[in-house]
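# Observations on the model geometry
The residues making up each chain are set out below.
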Amino acid sequence: GQQLNQSPQSMFIQEGEDVSMNCTSSSIFNTWLWYKQDPGEGPVLLIALYKAGELTSNGRLTAQFGITRKDSFLNISASIPSDVGIYFCAGTAKTRTGGSQGNLIFGKGTKLSVKP
Amino acid sequence: DGGITQSPKYLFRKEGQNVTLSCEQNLNHDAMYWYRQDPGQGLRLIYYSQIVNDFQKGDIAEGYSVSREKKESFPLTVTSAQKNPTAFYLCASKEGRGPRETQYFGPGTRLLVL
């Protein structure tokens, strides 16, 4: 089935650093969602994007719906220790008639850890 | 408080046993979903329900069963036919329709085999 390519798979952060991650698909998407998951917990929705080019912020987090509609980016500015966790992108693919195809498709996640 | 609750937090299954995971939501959402998460993996869809008394198989439905008798509730049964049930199970419900849909997740149930 359809897959999303999320990168990087993992990264180490130092407090105060900016962080960037992205998600790409082979087809056009109607929706991009970004979630954060802490160990042993369910994913929490961070940002939802519904329109090509849309740029949305949630505190220190900013996400963009790529112009080609095949990618999305999440940036975290001035990272803090509680930013560690796994970040997932998810989206719904566009059908030929413009609607959304099927259910949410998820990336495999980007794991953020603190630099030793 | 509105939200999605899952119980229990941890569940142990013996060989050959069926176990049922609970999922309840008071968000008034029509659609509900069950996902399985394995270490280092993304979420894989087990079953989903768009409306009461209707449900559809997802990508990995074998060895699982569901029911949707009430809007608020979507229990998942892991049957003895599921040979590798150890995983983290997540329930979600969906707000909105079409291109503005958004899914919200419960806290998860970790299933372990004795």
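See above for the structure.
To start, this report covers the structure provided alongside it. (Residues numbered from 1 in each chain as written. Chains lettered and ligands numbered in written order. Predicted model: local features only at pLDDT ≥ 70, side-chain atom pairs only at ≥ 80, totals over all residues. Heavy atoms only, no water.)

### Some details on the side chain of Arg68 of chain B
All names here are of chain B. In plain terms, the rule: Counting from the N terminus, the helices are DSSP H or I runs at least four residues long and the strands are E runs at least two residues long. The classification of residues rests on relative accessible area computed with a 1.4 Å probe and restricted to protein chains. Under 20% of the type maximum is buried, over 50% is exposed, and intermediate values are partly exposed. Only four residue types enter the charge count: Lys and Arg as positive, Asp and Glu as negative, with His and the chain ends excluded. Within this document, salt bridges are pairs made up of a side-chain nitrogen of Lys or Arg and a carboxyl oxygen of Asp or Glu, the two lying within 4 Å of each other. We call two N or O atoms a polar contact when they sit within 3.5 Å, provided that within protein one can donate a hydrogen and the other can accept it, with sequence-adjacent residues counted only if both atoms are side-chain atoms.
Residue position: Arg68 is located in the loop between strand S7 (64-66) and strand S8 (76-78). Comment: no salt bridge for buried Arg68; closest opposite-charge side chain is Asp30, at 6.0 Å. Within the structure, the side chain of Arg68 is placed 2.7 Å from the backbone oxygen of Lys71, a separation counted as a polar contact.

### So, the interface of chain B and chain A
Applicable threshold: Contact between two residues is taken to exist if any of their heavy atoms lie within 4.5 Å; hydrogens are not considered. Here's the idea: put two parts together, see how much 1.4 Å probe accessible area each one loses, and the total over both is what we call buried area. In this count, Pro and Cys sit with the nonpolar residues alongside Ala, Val, Leu, Ile, Met, Phe, Trp and Tyr, while Asp, Glu, Lys and Arg are called charged and the others, Gly among them, polar.
The interface is formed by 22 residues belonging to chain B together with 20 residues belonging to chain A. In total, chain B and chain A occlude about 1700 Å² of area from one another, counting both sides; carbon and sulfur atoms represent 55% of this. Lys9 of chain B is the partner of Glu41 of chain A in a salt bridge, and the nearest nitrogen-oxygen pair spans 3.8 Å. Here chain B and chain A share five residue pairs in polar contact (both at pLDDT 80 or more) between them. Mapped onto the side of chain B that touches chain A, the elements with two or more residues apiece are strand S4 (31-37), strand S5 (43-51), strand S9 (87-95) and strand S10 (102-105) of chain B. At four residues, S10 of chain B tops the list of elements feeding residues into the side of chain B that touches chain A. Partitioned by chemical class, the residues of the side of chain B that touches chain A number eleven nonpolar, eight polar and three charged.

### Quick notes on the sheet that holds strand S1 (residues 4-7) of chain B
All names here are of chain B. Put simply, the rule is: Strands were regarded as paired on the criterion that DSSP finds at least two bridges between them. In this analysis, axes come from line fits to C-alpha atoms, helices being fitted only over the stretch in contact, and the angle between any two N-to-C directions falls in the range 0 to 180 degrees.
An order of S1-S3-S8-S7 is seen for the four strands of this open sheet, with the pairing classed as antiparallel. Single-partner strands in this sheet number two, and they are S1 and S7. Each strand axis lies, on average, 20° off the axis of its neighbour in the sheet, ignoring direction. Here three bridges tie S7 to S8, and the two strands are oriented antiparallel to one another. Counterpart to Ser65 in the pairing with S8 is Thr77.

### As for the pattern of salt bridges
Applying the stated criterion across every chain yields a total of seven salt bridges over all chains. When the shortest N-O distance is used, the salt bridge between Arg60 of chain A and Asp83 of chain A registers 2.8 Å. With Arg60 of chain A in the loop between strand S6 (55-58) and strand S7 (61-65) and Asp83 of chain A in the loop between strand S8 (71-76) and strand S9 (85-94), this residue pair connects regions lying 23 residues apart in the sequence. Under the relative-accessibility criterion, Arg60 of chain A is labelled partly exposed at 28%. The class for Asp83 of chain A is buried, based on a relative accessible area of 6%. Residue Arg36 of chain B pairs with Asp38 of chain B through a salt bridge whose shortest N-O separation is 2.9 Å. For Asp38 of chain B, a relative accessible area of 15% gives the class buried. When salt bridges with common partners are traced through the structure, they connect Arg36, Asp38 and Arg44 of chain B into a single cluster.

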